[in-house]
Amino acid sequence: MNNSSAITPSDVTRLVIEGIQERKGRKITLVDLSGIESSGVSNFIICEGTSTMQVSAIADSVRDYLLDNARIKPYNYDGYQNSQWIVIDYGDTLVHVFLPQERERYNLEELWSDAKITEIPDLD
């Protein structure tokens, strides 16, 4: 997968999930927004880590995983200052890495409840 033009959105999703799982990210949720005109992106991938250190490590792992396996860099990312909620922008896909209490507070799954939501089982 060297040519980034050959990378499909489903490849990006798969690589993001693998990057999350590499650092034991939990409660991975795919939110398919492709059918919602007002969303601006096609996918949210949401997960959580148990500490600010793990949230940063998961976000780093996702960025490294996509760069190493598909030569894809994010357009932008934010949240490393306090590492309670880091968002990584891959254009059509936004990756959200939360601490559990922040995820509960912002409740993106509920906000986009009219989207197709898929839960990915934890590895362990």
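Above this note sits the structure.
Being a predicted model, the structure only gives us computed values, none of them experimental.

Considerations on the layout of surface pockets
The computed volume of the largest pocket comes to approximately 200 Å³. Per-class residue counts for the lining of the largest pocket are 6 nonpolar, 3 polar and 2 charged.

Some remarks on the pairing of strand β2 (residues 43-48)
Within β2, 6 of the 6 residues are buried, leaving the element largely enclosed by the surrounding structure. With burial as the criterion, each face of β2 is covered, one bearing N43, I45 and C47 and the other bearing F44, I46 and E48. With 5 bridges connecting them, strand β1 (residues 26-32) and β2 associate as antiparallel partners. Paired with R26 across the strands is E48, a residue of β2. By the bridge criterion, 6 bridges tie β2 to strand β5 (residues 93-98) in an arrangement that is parallel. Paired with I45 across the strands is V95, a residue of β5.

A closer look at the sheet that holds strand β4 (residues 85-89)
With mixed pairing, the 6 strands of this open sheet are ordered in space as β3-β4-β5-β2-β1-β6. In this open sheet, the two strands that pair with only one neighbour each are β3 (76-78) and β6 (116-120). The sheet shows a mean angle of 15 degrees between the axes of neighbouring strands, taken without regard to direction. Each of β2, β3, β4 and β5 is contacted by helix α2 (residues 52-70), which is oriented at about 10 degrees to β4, the strand it contacts most.

Quick notes on the pattern of salt bridges
All told, the structure shown has 8 salt bridges when counted by the stated rule. Where R26 meets D122, a salt bridge forms, and the shortest distance between an N and an O atom there is 3.0 Å. Note that R26 is positioned in strand β1 and D122 in the segment after β6, a separation of 96 residues in sequence. Given a relative accessible area of 25%, D122 falls into the partly exposed group. In this structure, E48 and R103 form a salt bridge, with 3.3 Å as the shortest nitrogen-oxygen distance. Of this pair, E48 sits in strand β2 while R103 sits in helix α3 (residues 100-106), and the two are 55 residues apart along the sequence. R103 matches E48 in its accessibility class, with the two residues each being buried.

What to know about unusual backbone geometry
Located in the positive-phi region is R71, a residue other than glycine, with phi close to 55 degrees. Located in the positive-phi region is S83, a residue other than glycine, with phi close to 55 degrees. By the secondary structure assignment, S83 is in the loop between β3 and β4. Accessibility expressed as a relative area gives 5% for S83, which makes it buried.

How each quantity is defined
- Residues numbered from 1 in each chain as written.
- Predicted model: local features only at pLDDT ≥ 70, side-chain atom pairs only at ≥ 80, totals over all residues.
- Heavy atoms only, no water.
- 1 Å grid on protein atoms, 1.4 Å probe; cavity = no way out; pocket = protein on both sides within 12 Å on 5 of 7 lines; lining within 4 Å.
- Points joined across faces, edges and corners; volume = space filled by probe spheres on them.
- Nonpolar A, V, L, I, M, F, W, Y, C, P; charged D, E, K, R; others polar.
- Buried < 20%, exposed > 50% of the residue type's maximum accessible area, 1.4 Å probe, protein only.
- Helix = DSSP H or I, 4+ residues; strand = E, 2+ residues; numbered from the N terminus.
- Pairing = 2+ DSSP bridges.
- Axes fitted to C-alpha atoms, helices over the stretch in contact; angles between N-to-C directions.
- Contact = heavy atoms within 4.5 Å.
- Salt bridge = Lys/Arg side-chain N within 4 Å of Asp/Glu carboxyl O.

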